[in-house]
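Spelled out from the first residue to the last, the chains are:
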Amino acid sequence: MYSFMGGGLFCAGVGNILLIVSTATDYWMQYRQSSKYMHQGLWRYCMPGKCFPHNDSIAHLDATRALMILSLLACFIGIIIGIMAFIHYSSFDRFDKTFAAGILFFISCFLVFLAMAMYTGVTVNYHGKRYGNWRFSWSYIIGWVSVVLTFFSGIFYFCAYRMHECPRNANSH
(Lines give C-alpha, C1' and ligand atoms only; values in the text may rest on other atoms or scores of the structure.)
Protein backbone atom coordinates (compact mmCIF):
# COMPACT_ATOMS: atom_id res chain seq x y z
CA MET A 1 0.00 0.00 0.00
CA TYR A 2 2.74 2.46 0.89
CA SER A 3 4.63 1.82 -2.32
CA PHE A 4 1.52 2.75 -4.32
CA MET A 5 1.03 5.86 -2.22
CA GLY A 6 4.68 6.81 -2.58
CA GLY A 7 4.49 6.33 -6.35
CA GLY A 8 1.31 8.36 -6.45
CA LEU A 9 2.88 11.18 -4.45
CA PHE A 10 5.94 11.17 -6.69
CA CYS A 11 3.85 11.30 -9.89
CA ALA A 12 1.58 13.97 -8.44
CA GLY A 13 4.50 16.09 -7.24
CA VAL A 14 6.28 15.97 -10.58
CA GLY A 15 2.97 16.46 -12.40
CA ASN A 16 2.14 19.52 -10.29
CA ILE A 17 5.58 21.05 -10.94
CA LEU A 18 5.11 20.45 -14.66
CA LEU A 19 1.65 22.01 -14.51
CA ILE A 20 3.09 25.13 -12.90
CA VAL A 21 5.89 25.39 -15.45
CA SER A 22 3.57 24.72 -18.37
CA THR A 23 1.00 27.27 -17.22
CA ALA A 24 3.54 30.00 -16.47
CA THR A 25 5.83 29.81 -19.51
CA ASP A 26 5.43 31.33 -22.96
CA TYR A 27 6.38 28.44 -25.20
CA TRP A 28 3.08 26.79 -26.02
CA MET A 29 3.37 27.58 -29.70
CA GLN A 30 6.17 28.83 -31.93
CA TYR A 31 5.65 30.30 -35.38
CA ARG A 32 7.49 32.17 -38.03
CA GLN A 33 6.14 35.43 -39.38
CA SER A 34 8.01 37.66 -41.84
CA SER A 35 11.25 35.69 -41.32
CA LYS A 36 11.18 36.12 -37.52
CA TYR A 37 10.48 33.38 -35.00
CA MET A 38 7.87 34.21 -32.38
CA HIS A 39 6.31 32.26 -29.55
CA GLN A 40 3.31 32.54 -27.33
CA GLY A 41 1.92 31.10 -24.13
CA LEU A 42 -1.28 31.42 -22.19
CA TRP A 43 -0.42 34.84 -20.75
CA ARG A 44 1.63 36.63 -23.40
CA TYR A 45 3.17 36.47 -26.85
CA CYS A 46 6.78 37.22 -27.65
CA MET A 47 8.57 38.68 -30.63
CA PRO A 48 12.35 38.66 -30.89
CA GLY A 49 13.58 40.55 -27.83
CA LYS A 50 10.22 41.69 -26.43
CA CYS A 51 7.10 40.11 -24.93
CA PHE A 52 3.58 41.54 -24.74
CA PRO A 53 0.54 40.45 -22.71
CA HIS A 54 -2.50 39.15 -24.53
CA ASN A 55 -4.65 42.29 -24.54
CA ASP A 56 -7.75 40.75 -26.01
CA SER A 57 -9.90 38.46 -23.94
CA ILE A 58 -9.58 35.40 -26.15
CA ALA A 59 -12.12 32.83 -25.00
CA HIS A 60 -10.06 29.69 -25.57
CA LEU A 61 -7.05 31.19 -23.76
CA ASP A 62 -9.21 32.31 -20.83
CA ALA A 63 -10.80 28.87 -20.58
CA THR A 64 -7.42 27.12 -20.88
CA ARG A 65 -5.93 29.35 -18.16
CA ALA A 66 -8.88 28.72 -15.83
CA LEU A 67 -8.81 24.95 -16.35
CA MET A 68 -5.03 24.82 -15.82
CA ILE A 69 -5.29 26.80 -12.56
CA LEU A 70 -8.16 24.63 -11.30
CA SER A 71 -6.13 21.55 -12.19
CA LEU A 72 -3.17 22.92 -10.24
CA LEU A 73 -5.36 23.50 -7.20
CA ALA A 74 -6.94 20.04 -7.38
CA CYS A 75 -3.53 18.40 -7.69
CA PHE A 76 -2.07 20.47 -4.84
CA ILE A 77 -4.96 19.64 -2.50
CA GLY A 78 -4.67 15.99 -3.57
CA ILE A 79 -0.97 16.04 -2.64
CA ILE A 80 -1.77 17.47 0.81
CA ILE A 81 -4.47 14.86 1.43
CA GLY A 82 -2.16 12.15 0.03
CA ILE A 83 0.57 13.16 2.50
CA MET A 84 -1.98 13.12 5.32
CA ALA A 85 -2.97 9.58 4.30
CA PHE A 86 0.68 8.55 4.10
CA ILE A 87 1.45 9.72 7.65
CA HIS A 88 -1.91 8.51 9.05
CA TYR A 89 -3.08 11.96 10.09
CA SER A 90 -6.51 11.26 11.57
CA SER A 91 -8.50 14.45 12.05
CA PHE A 92 -11.33 12.91 9.99
CA ASP A 93 -11.93 9.29 10.93
CA ARG A 94 -14.75 8.60 8.48
CA PHE A 95 -12.93 10.30 5.60
CA ASP A 96 -10.78 7.92 3.54
CA LYS A 97 -7.87 10.07 2.46
CA THR A 98 -6.43 7.62 -0.09
CA PHE A 99 -9.74 7.57 -1.96
CA ALA A 100 -10.10 11.37 -1.76
CA ALA A 101 -6.56 11.93 -3.02
CA GLY A 102 -7.16 9.55 -5.93
CA ILE A 103 -10.37 11.37 -6.85
CA LEU A 104 -8.61 14.74 -6.72
CA PHE A 105 -5.80 13.47 -8.94
CA PHE A 106 -8.34 12.20 -11.47
CA ILE A 107 -10.16 15.55 -11.34
CA SER A 108 -6.84 17.32 -11.95
CA CYS A 109 -6.12 14.97 -14.85
CA PHE A 110 -9.55 15.61 -16.36
CA LEU A 111 -9.25 19.40 -16.05
CA VAL A 112 -5.81 19.58 -17.60
CA PHE A 113 -6.93 17.17 -20.33
CA LEU A 114 -9.83 19.50 -21.15
CA ALA A 115 -7.51 22.51 -21.19
CA MET A 116 -4.99 20.82 -23.46
CA ALA A 117 -7.65 19.46 -25.81
CA MET A 118 -9.33 22.85 -26.11
CA TYR A 119 -6.04 24.63 -26.79
CA THR A 120 -5.08 21.97 -29.34
CA GLY A 121 -8.36 22.16 -31.23
CA VAL A 122 -8.46 25.94 -31.46
CA THR A 123 -4.78 26.24 -32.29
CA VAL A 124 -4.90 23.68 -35.06
CA ASN A 125 -8.04 25.17 -36.60
CA TYR A 126 -7.08 28.83 -36.23
CA HIS A 127 -3.30 29.08 -36.34
CA GLY A 128 -2.90 26.16 -38.70
CA LYS A 129 -4.72 28.15 -41.36
CA ARG A 130 -3.22 31.53 -40.47
CA TYR A 131 0.45 30.64 -40.13
CA GLY A 132 2.07 28.16 -42.43
CA ASN A 133 5.19 27.55 -40.37
CA TRP A 134 4.13 26.88 -36.77
CA ARG A 135 4.51 24.13 -34.18
CA PHE A 136 3.66 23.30 -30.61
CA SER A 137 6.54 23.89 -28.24
CA TRP A 138 7.89 22.54 -24.96
CA SER A 139 5.43 24.24 -22.56
CA TYR A 140 2.60 22.58 -24.43
CA ILE A 141 4.36 19.21 -24.41
CA ILE A 142 4.97 19.21 -20.66
CA GLY A 143 1.29 20.05 -20.22
CA TRP A 144 0.47 16.72 -21.88
CA VAL A 145 3.10 14.97 -19.75
CA SER A 146 1.36 16.32 -16.65
CA VAL A 147 -1.91 14.75 -17.88
CA VAL A 148 -0.22 11.34 -17.86
CA LEU A 149 1.44 11.89 -14.47
CA THR A 150 -1.73 13.04 -12.73
CA PHE A 151 -3.60 10.09 -14.26
CA PHE A 152 -1.03 7.62 -12.90
CA SER A 153 -1.05 9.29 -9.49
CA GLY A 154 -4.81 8.70 -9.37
CA ILE A 155 -4.30 5.08 -10.43
CA PHE A 156 -1.66 4.57 -7.73
CA TYR A 157 -3.87 6.03 -5.02
CA PHE A 158 -6.85 3.93 -6.12
CA CYS A 159 -4.65 0.82 -5.98
CA ALA A 160 -3.56 1.82 -2.46
CA TYR A 161 -7.20 2.34 -1.51
CA ARG A 162 -8.17 -1.10 -2.85
CA MET A 163 -5.28 -2.75 -0.98
CA HIS A 164 -6.34 -0.97 2.21
CA GLU A 165 -10.06 -1.72 1.78
CA CYS A 166 -9.87 -5.40 0.70
CA PRO A 167 -8.53 -6.76 4.04
CA ARG A 168 -11.04 -4.60 5.92
CA ASN A 169 -13.98 -5.95 3.86
CA ALA A 170 -12.80 -9.57 4.21
CA ASN A 171 -12.78 -9.28 8.03
CA SER A 172 -16.30 -7.83 8.19
CA HIS A 173 -18.03 -10.96 6.81
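If you're wondering where the values come from, they're calculated on a predicted model, not measured in any experiment.

**Quick look at the state of the cysteines**
Per the counting criterion, the structure on display carries one disulfide. One disulfide in the model links cysteine 46 with cysteine 51; its S-S distance is 2.0 Å. Taking the torsion about the sulfur-sulfur bond, which here is approximately 105°, the covalent link between cysteine 46 and cysteine 51 counts as right-handed. With relative accessibility at 1%, the residue cysteine 46 sits in the buried group. For the unlinked cysteine cysteine 109, the closest cysteine sulfur is that of cysteine 75, found at 9.9 Å.

**Some details on the UniProt feature "transmembrane region" (unreviewed entry) in the protein chain**
Feature annotation in UniProt places "transmembrane region" (unreviewed entry) on residues 7-29, 66-87, 99-118 and 138-159, given in this structure's numbering. Secondary structure over residues 7-29 splits into 78% helix and 4% strand, and the C-alpha atoms at its two ends are 32 Å apart.

**With respect to helix α3 (residues 97-130)**
The terminal C-alpha atoms of α3, which comprises 34 residues, lie 48 Å apart, in line with the 50 Å expected from a rise of 1.5 Å per residue. A bend of about 30° at threonine 123 is the largest found in α3.

**Structural notes on the nonpolar core**
Membership of the largest hydrophobic core comes to 32 residues, with the highest contact counts inside it found for Trp28, Met68, Phe105, Met116 and Tyr119. Going through the elements one at a time, α1 (2-24), β1 (29-33), α2 (59-86), α3 and α4 (138-171) are the ones with two or more residues in this core. Per element, the largest residue contribution to this core is 10 residues, and it comes from α3.

**Quick word on the pattern of salt bridges**
In this structure the tally under the stated criterion is two salt bridges. The shortest N-O distance in the salt bridge between aspartate 62 and arginine 65 comes to 2.7 Å. In this pair, aspartate 62 and arginine 65 both sit in helix α2, three residues apart, roughly one turn of the helix.

**As for the side chain of glutamine 40**
One can find glutamine 40 in strand β2 (residues 36-40). Among residues more than four places away in sequence, those in contact with glutamine 40 are Asp26, Tyr27, Trp28, Met29, Tyr31, Tyr45, His54, Tyr119 and His127.

Criteria and cut-off values
- In this numbering scheme, every chain counts its residues from 1 along its sequence in written order.
- Only residues with pLDDT of at least 70 are given local features in this predicted model, and only at 80 or more are side-chain atom pairs given and counted; all residues enter the totals for whole chains, interfaces and linings.
- The side-chain numbers reported here are obtained from all heavy atoms of the structure, hydrogens and water having been left aside.
- Note on disulfides: each one is a pair of cysteine sulfur atoms within 2.5 Å.
- The buried label applies to any residue whose accessible area, calculated with a 1.4 Å probe on protein chains only, is under 20% of its type's maximum; exposed applies above 50%, and partly exposed to all values in between.
- UniProt positions are given in the numbering used here, feature names are shortened, and annotations may be inferred rather than shown by experiment.
- Where helices and strands are cited, they refer to DSSP runs of H or I of at least four residues and of E of at least two residues respectively, numbered from the N terminus.
- For a helix, the expected span equals 1.5 Å multiplied by the residue count minus one.
- A residue's bend is given by the angle between axes fitted to the 7 residues ending at it and the 7 residues starting at it.
- Here, nonpolar core refers to any group of buried Ala, Val, Leu, Ile, Met, Phe, Trp, Tyr and Cys residues whose side-chain atoms link them within 4.5 Å.
- Here a salt bridge means any side-chain nitrogen of Lys or Arg lying within 4 Å of a carboxyl oxygen belonging to Asp or Glu.
- Whether two residues are in contact is decided by their heavy atoms, any of which lying within 4.5 Å being enough.

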